[in-house]
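Here's the letter readout for the chains.
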Amino acid sequence: MFTKGKGKRRFPAVNLVPAKRPKPVEVAFHLLPKQYEKTPKEQDQLVHLQAGLGRRTVYLDESTTHDELCETLKGVFPQLEAVTGGWMIYKAAGGWGSRKLSLVAPDHTGYTGKIVKAASQGGKSPLYIAPIQDELNTTPLQLSNEIFSDMPKAMCQKCGAAIPLQLLMEHLKSCNIIDVDNDEDNLDNVEDNSEQAPAQEPCPICMEMFTADFIEAHAASCGESDGMYEVLDRSTVEEQAAMPGPSSSEKVTDEWLTVQDPTKAMSLFRDSILSHHERQNPLLLSMDIRKSPAEQDAALICFYKKPNVEWARPLNCRLEGDAAIGEGVSRFFLSTCMNKLKSGFCFNFANTAVTHLFDGQPGHLVPSASQFLVESDMFAMAGRMVGHSFVHGGPCLSGLSPAVVHVLFGGSPETATVTPEDCPDLDIRETIRLLEGESELSDKDKTSVQELAYAWDLPGLNGNNRRWLFEKMLIHAVIGRVTRQIKQFRRGLKETPIWTLLTKRPDTVAQLFPQERAVDCNPAIIMQHITWPHEEDDDDDDDDYSLDTKCRISGYLRHFIENASPDELTDLLKFWTGWEIMPRNNLSIEVVKGSFPTASTCFETLRIPGHYKDYASFKNDILACIGTCQTGFGLV
């Protein structure tokens, strides 16, 4: 009775089912030169990095043996080849700042992938390697050393050298002290790259020194005022240089302190600051639109990582490889900066194509917990970007977590309103959420909570501290892990005039750090700002169309605006004006002869060809055109 289907097997044999390959885990290791009791301070980390030690990232899985781990670590830390007295792995206690190191004990086979994964909490926490008997050399290596080859780099605009982003700030401190006579004592403080630095020439207008390939771009905009170029002789420049210019903290007209409307106060403060600096030499921000996205982002990062800059000076922006000029280019740059802060910069860190400074969902963004970004002063750079954009009327940084904004301006983490949505790490969020409510936890859930609590030096879960532990873990996940990032972001804001406004007019904070804006780019507001085309009596205009044609094209645009998505409306506004801010003046429309829609961003004018006979073709072309708002202009 069991002979039916004889010889057939309904399921494959056990030995025929392929074993599941362990998933690799990304683990960060920090190589120390000797035994440390606590995690190295920021200055020590920089010394380690310059010596080829410091932090590196490797990929391991649970099947990794001790010998395989040794070979992997020697591949990223060549200095381990010289260690003959053995080394051990340590982990840091919970909290922030300089934390106590504790030994990660190996088993009888040594350090394995399973031990490393458990000690690093699945790659979430860095581990520290310290030699037992040796002491590694901390002499800085040459920047041409291959150990720096994988690090993202930016060009120093002073000496022309390609410097790793992590070392750029330290390099600028020494590079800036080089005088124009190439003093030999100062040159000793610079890397060998300065020996190959191009010769510098004085600008004929402001007499400042620039490299030969940069002076042409500078001289073209030096002395620019109100869209026209002034010719200044040397005596005039010297007289201006002798006049003490006001700093960002200088007292300006105090009307902005007394006006009730915070928006009006922001406008008055901005106008007052700009008027106090309008006679100073402008800052020049240049980016080559023909280069790769990573090189374009490097140009922005290098510009905003400069220390001791007066950010209220006039701003001249130039897109190399694009014919566009004028205010629209400046709007494009400032809009790009704010977009990059939220969407990420294109430089390779930890094998990712895009590196985010802020993590999380819209409306709940918090600074990234990456120590690499802190050590590279990227959050100070972010603060300068935000302050600089405000000074020149650019977009604000929207979508930050209210808890982060609260702490940013001096509030206590204990009084911040923190929600689980503010936690960007979904695994940690789900673990913390297990403590919500009163339902009984399974043994597995209790283990997950206990492991996370112990990693952050918090007591274990018991019957009396469930709600307290939930709040403490949530505050640490959102605020405690990024305290250094918030302080650094605040330092960047303080370098710009915006900090004076924020501290003396706290009611402007909500305006300058708004939640995700869904009302600014809505159809009704855009329509209210549009000046629609009408019949003109100018016979000299060779692009004139009949009133019927203008009405038809206006109707197509009105229908598009009324039915467009929020993202499409934002792109339309960027294409029309250069950024996503509604202009003070009206938006203009011209019906012209041509192939595709174009825009004059400086004059906030959208030019639409009058050849469209149906809405479908109009919509296809307008979508294609506004999709180019991130890639330059193409017109003067």
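Located above this text is the structure these notes cover.
Reading guide: rules and limits
- Residues numbered from 1 in each chain as written.
- Predicted model: local features only at pLDDT ≥ 70, side-chain atom pairs only at ≥ 80, totals over all residues.
- Heavy atoms only, no water.
- Pairing = 2+ DSSP bridges.
- Helix = DSSP H or I, 4+ residues; strand = E, 2+ residues; numbered from the N terminus.
- Buried < 20%, exposed > 50% of the residue type's maximum accessible area, 1.4 Å probe, protein only.
- Contact = heavy atoms within 4.5 Å.
- Right-handed = clockwise from strand over helix to strand, strands pointing away.

## A word on the sheet that holds strand β18 (residues 598-600)
- In spatial order, the strands read β16-β17-β19-β18; together these four strands make up an open sheet with mixed pairing. In the strand order of this sheet, the two ends are held by β16 (530-531) and β18, each with one partner.
- Inspection of the sheet shows β18 paired to strand β19 (residues 605-609) by three bridges, in the antiparallel sense. From the neighbouring strand, alanine 599 faces β19, where its bridge partner is leucine 606.

## Things to note about the side chain of threonine 112
- Residue placement: threonine 112 occurs in the loop between β4 (101-104) and α3 (113-119).
- The exposure class assigned to threonine 112 is buried, which follows from its relative accessible area of 13%.
- Leaving out residues up to four positions away in the same chain, threonine 112 has contacts with Thr64 and Asp107.

## A look at the environment of cysteine 625
- Summarising the element assignment, cysteine 625 is placed in helix α24 (residues 615-626).
- Assessed through its relative accessible area of 10%, cysteine 625 is described here as buried.
- Not counting the four nearest positions on each side in its chain, cysteine 625 is found in contact with Phe575, Phe596 and Pro597.

## Digging into the pairing of strand β12 (residues 283-288)
- The element β12 is largely enclosed, with a buried count of five among its six residues.
- Inspection of the sheet shows β12 paired to strand β13 (residues 315-320) by six bridges, in the parallel sense. Bridge pairing links leucine 283 to leucine 315 in β13.
- Handedness of the crossover is the feature at issue here: the chain leaves β12, passes through helix α10 (residues 293-304), returns alongside β13, and the resulting connection is right-handed.

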